[in-house]
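Understanding the architecture of this molecule
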Amino acid sequence: MKTIGILGGMSAASTQIYYRKMCDLVRQHSGGLHSPELLIRSLNFANIENLQANGLWEEAGSILNTEAKSLERGGADFIVLATNTMHKLADQIMKDVNIPLIHIADATAERIVSAGLKNPGLMATAFTMEQPFYLERLNNHFLRPIVPAESDRKEIHRIIYDELCKDIITPDSRIRFEDIAKRLIDNGADCIILGCTEVCMLLNQDNVTVPVFDTTLIHCEKAINVALSS
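Calculation criteria
- Residues numbered from 1 in each chain as written.
- Predicted model: local features only at pLDDT ≥ 70, side-chain atom pairs only at ≥ 80, totals over all residues.
- Heavy atoms only, no water.
- Buried < 20%, exposed > 50% of the residue type's maximum accessible area, 1.4 Å probe, protein only.
- Helix = DSSP H or I, 4+ residues; strand = E, 2+ residues; numbered from the N terminus.
- Pairing = 2+ DSSP bridges.
- Right-handed = clockwise from strand over helix to strand, strands pointing away.
- Polar contact = N/O pair within 3.5 Å; in protein donor to acceptor, adjacent residues only side chain to side chain.
- Contact = heavy atoms within 4.5 Å.
- Axes fitted to C-alpha atoms, helices over the stretch in contact; angles between N-to-C directions.

For the rest of this paragraph, the subject is the pairing of strand E1 (residues 4-8). In terms of burial, E1 is a largely internal element, five of the five residues being buried. Burial of the side chains of E1 extends over both faces: Ile 4, Ile 6 and Gly 8 are buried on one face and Gly 5 and Leu 7 on the other. Taken together, the five bridges between E1 and strand E2 (residues 38-42) define a ladder with parallel strand orientation. Each bridged residue has a counterpart across the sheet, and for Gly 5 the counterpart in E2 is Leu 39. Handedness of the crossover joining E1 and E2 through helix H1 (residues 12-30) is recorded here as right-handed. Both E1 and strand E3 (residues 78-81) contribute to a ladder of four bridges, which runs parallel. Within the sheet, the bridge partner assigned to Leu 7 lies in E3 and is Leu 81.

Laid out in structure tokens, this is it:
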């Protein structure tokens, strides 16, 4: 089994989901007491969020590059960045790192394409919904992503940072997310991307009427498939 390097803590809630899902997937595959070989570097998200909020992305990228190198030195065979938003810095993070990164947007896009769908509605942080680093990655797979209206983008972003990243789940926010997903569907989305690793805390296939693509689960499945490959 290959060793997975998880670069996480963005947020801690997200990294906990990654750990649980990867353990579940290996147990389902191999049974018994089997679990994945993992190295986890979990950062203090308060520091990263402060850099995000102040537009200091290069400084954040430098920090994550240092941590990616430490995972490589520790024996990781490849890296999983346990966040959608920080894939904005994927190239900088992997500079002079000699093991591969499994990119969350590519893994998700491949799954959508294989399902024969083309117009995913994207629910994520404002950075992910509004900046080109993620949308262009989806475009490269010939997808046509649909993003929410500005007011909905602000509300999604607020709920992610003020609630979900702090492990706060409320019925009101679940309803708000469901309503935003419905508006995306009404605007032509044939599926919904849960494009922030915490969005799965409020949305899933049970409360959305079109196919749901949970980036966290897809990312974990891709990583475990690679880890278990010869």
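Let's shift gears to the side chain of Thr 215. Tracing the backbone shows Thr 215 in helix H10 (residues 215-228). Judged by its relative accessible area of 0%, Thr 215 falls in the buried class. At 3.1 Å, the side chain of Thr 215 forms a polar contact with the side chain of Asn 84. Thr 215 has contacts with Asn 84, Ile 104, Thr 108, Tyr 134, Ile 193, Leu 194, Gly 195 and Cys 196, leaving out every residue within four places of it along the chain.

Tracing the chain through its elements places Val 80 in strand E3. Residues contacting Val 80, with those up to four places away along its chain left out, are Ile 4, Gly 5, Ile 6, Leu 7, Tyr 18, Met 22, His 219 and Ala 223.

Structurally, the position occupied by Asp 162 is in helix H8 (residues 150-162). On the accessibility criterion, Asp 162 (39% relative accessible area) is partly exposed.

Let us now look at the sheet that holds strand E7 (residues 212-214). Taken in spatial order, the three strands make up an open sheet running E5-E6-E7, and their pairing is parallel. If you trace the sheet from one side to the other, it starts and ends with strand E5 (120-123) and E7, each paired once. Each neighbouring strand pair of the sheet contributes to a mean axis angle of 20°, computed without reference to strand direction. Relative to strand E6 (residues 191-194), E5 runs parallel, the two sharing four bridges. Across the sheet, Gly 121 pairs through a bridge with Ile 192, a residue of E6.

Moving on, we get to the sheet that holds E1. Across the sheet, which stays open at both edges, the four strands sit in the order E2-E1-E3-E4 with parallel pairing between neighbours. In the strand order of this sheet, the two ends are held by E2 and strand E4 (101-102), each with one partner. Two strands pair when backbone bridges link them, and E3 and E4 are joined in this way by two bridges, in the parallel orientation. Opposite Ile 79, over in E4, you have Leu 101 as the bridge partner. In the packing of H10 onto the sheet, contacts are made with E1, E3 and E4, and the angle to E3 comes to roughly 170°.

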